[in-house]
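What follows is each chain in one-letter form.
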Amino acid sequence: GAVVSQHPSRVICKSGTSVKIECRSLDFQATTMFWYRQFPKQSLMLMATSNEGSKATYEQGVEKDKFLINHASLTLSTLTVTSAHPEDSSFYICSATTSGGREAFFGQGTRLTVV
Amino acid sequence: GENVEQHPSTLSVQEGDSAVIKCTYSDSASNYFPWYKQELGKRPQLIIDIRSNVGEKKDQRIAVTLNKTAKHFSLHITETQPEDSAVYFCAASRAGGGADGLTFGKGTHLIIQP
């Protein structure tokens, strides 16, 4: 199957700083990528849809100024958590689908801890 | 928007027995229903999926059934094995996970008792 790579896998940052997470489709082009957040022992919640060359679409309740998404190329989307606070600590995971496909391939996720 | 309900939240079965997890969805326009298995700290892995034009699909020990009229779908695992222990998520989408993101159920922690 297609491969989606996410980096970093773990990051610890100080409160008030910003953190960038990268999501890459390694062997296919992805015009659309999705960002999810997963709190411990909870489900995956869709945060936003990242579209190559245009602005991201955010789900209700997700602050677009806090979670900046940039889809600069057909193989790369980035999520920047700005002015991070301890309550932003979570597992962030991206997914992408091949052109014409239906299966969503997930990155390995990023465990963010804000101290 | 779409709302997916999943039951039970925890399911414990004896090794060799069958396990059934049920989901309902609210958006009648949803047409793609995948099931994911997630082990602790790892990414979700697709185990089976079904489109709305099909009522049942089977892959070895795993099967999914869909009742579009009632807006519910179920995962069936037969002859359970210890390696089946994990959290299972159902999901729904309008466009096969491509142009539309997935709405996930809350998950079922499946425990296989030896």
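This report concerns the structure included in the present document. Everything quoted here is computed from the prediction, not taken from an experiment.

### As for the overall build of chain B
- Regarding its fold elements, chain B presents zero helices and eleven strands.
- For 114 residues, the compact-globule estimate of 2.2 N^0.38 gives 13 Å, and the C-alpha radius of gyration of chain B, at 13 Å, lies within 12% of that figure.
- Taking the principal axes of the C-alpha coordinates as reference, chain B spans close to 40 × 30 × 20 Å.
- Every one of the 114 residues in chain B was classed for burial, and the buried ones make up 45%.
- Pairs at least 24 apart in sequence give 54% of the contacts found in chain B among residues at least 6 apart.

### Some thoughts on the state of the cysteines
- On inspection of all chains with the given rule, the structure shows two disulfides over all chains.
- Put simply, A:C23 and A:C94 are joined by a disulfide, and their sulfur atoms are 2.0 Å apart. Across the S-S bond linking A:C23 and A:C94, the dihedral sits near 85 degrees, which makes this disulfide right-handed. Note that A:C23 is positioned in strand β3 (residues 19-25) and A:C94 in strand β9 (residues 90-96), a separation of 71 residues in sequence. The pair formed by A:C23 and A:C94 is uniform in burial state, with each residue classed as buried.
- Here B:C23 engages in a disulfide with B:C90; their sulfurs sit 1.9 Å apart. Disulfide B:C23-B:C90: torsion about the S-S bond near -100 degrees, hence left-handed. In this pair, B:C23 sits in strand β3 (residues 19-25) while B:C90 sits in strand β9 (residues 86-92), placing the two residues 67 residues apart along the sequence.

### Re the pairing of β3(B)
Residues and elements named next belong to chain B.
- Residues of β3 alternate between two faces, with A19, I21, C23 and Y25 buried on one and V20, K22 and T24 left unburied on the opposite face.
- As judged from the four bridges shared by strand β1 (residues 4-7) and β3, these two strands associate in the antiparallel manner. The partner of Q6 across the bridge, within β3, is C23.
- As judged from the six bridges shared by β3 and strand β8 (residues 72-77), these two strands associate in the antiparallel manner. Within β8, the residue paired with K22 across the bridge is S74.

### Quick notes on unusual backbone geometry
- Geometrically, the link from A:H7 to A:P8 is a cis peptide bond, its omega value of 0 degrees lying close to zero.
- Of note, the amide linkage connecting B:H7 to B:P8 takes the cis form, showing an omega dihedral of -5 degrees.
- Position of B:P8 relative to the elements: it lies in the loop between β1 and β2 (10-14).
- Residues other than glycine seldom take positive phi values, yet B:Q60 does so here, at roughly 55 degrees.
- By the secondary structure assignment, B:Q60 is in the loop between β6 (56-59) and β7 (62-67).
- Judged by relative accessible area, B:Q60 falls into the exposed class, the value being 71%.
- You will see that B:K71, though not glycine, has its phi angle at about 60 degrees, which is positive.
- Tracing the backbone shows B:K71 in the loop between β7 and β8.

What counts, and at which threshold
- Residues numbered from 1 in each chain as written.
- Chains lettered and ligands numbered in written order.
- Predicted model: local features only at pLDDT ≥ 70, side-chain atom pairs only at ≥ 80, totals over all residues.
- Heavy atoms only, no water.
- Helix = DSSP H or I, 4+ residues; strand = E, 2+ residues; numbered from the N terminus.
- Rg over C-alpha atoms; globule rule 2.2 N^0.38 Å.
- Buried < 20%, exposed > 50% of the residue type's maximum accessible area, 1.4 Å probe, protein only.
- Contact = heavy atoms within 4.5 Å.
- Disulfide = S-S within 2.5 Å.
- Pairing = 2+ DSSP bridges.

Note that all results are geometric; they support no functional claim without further evidence.
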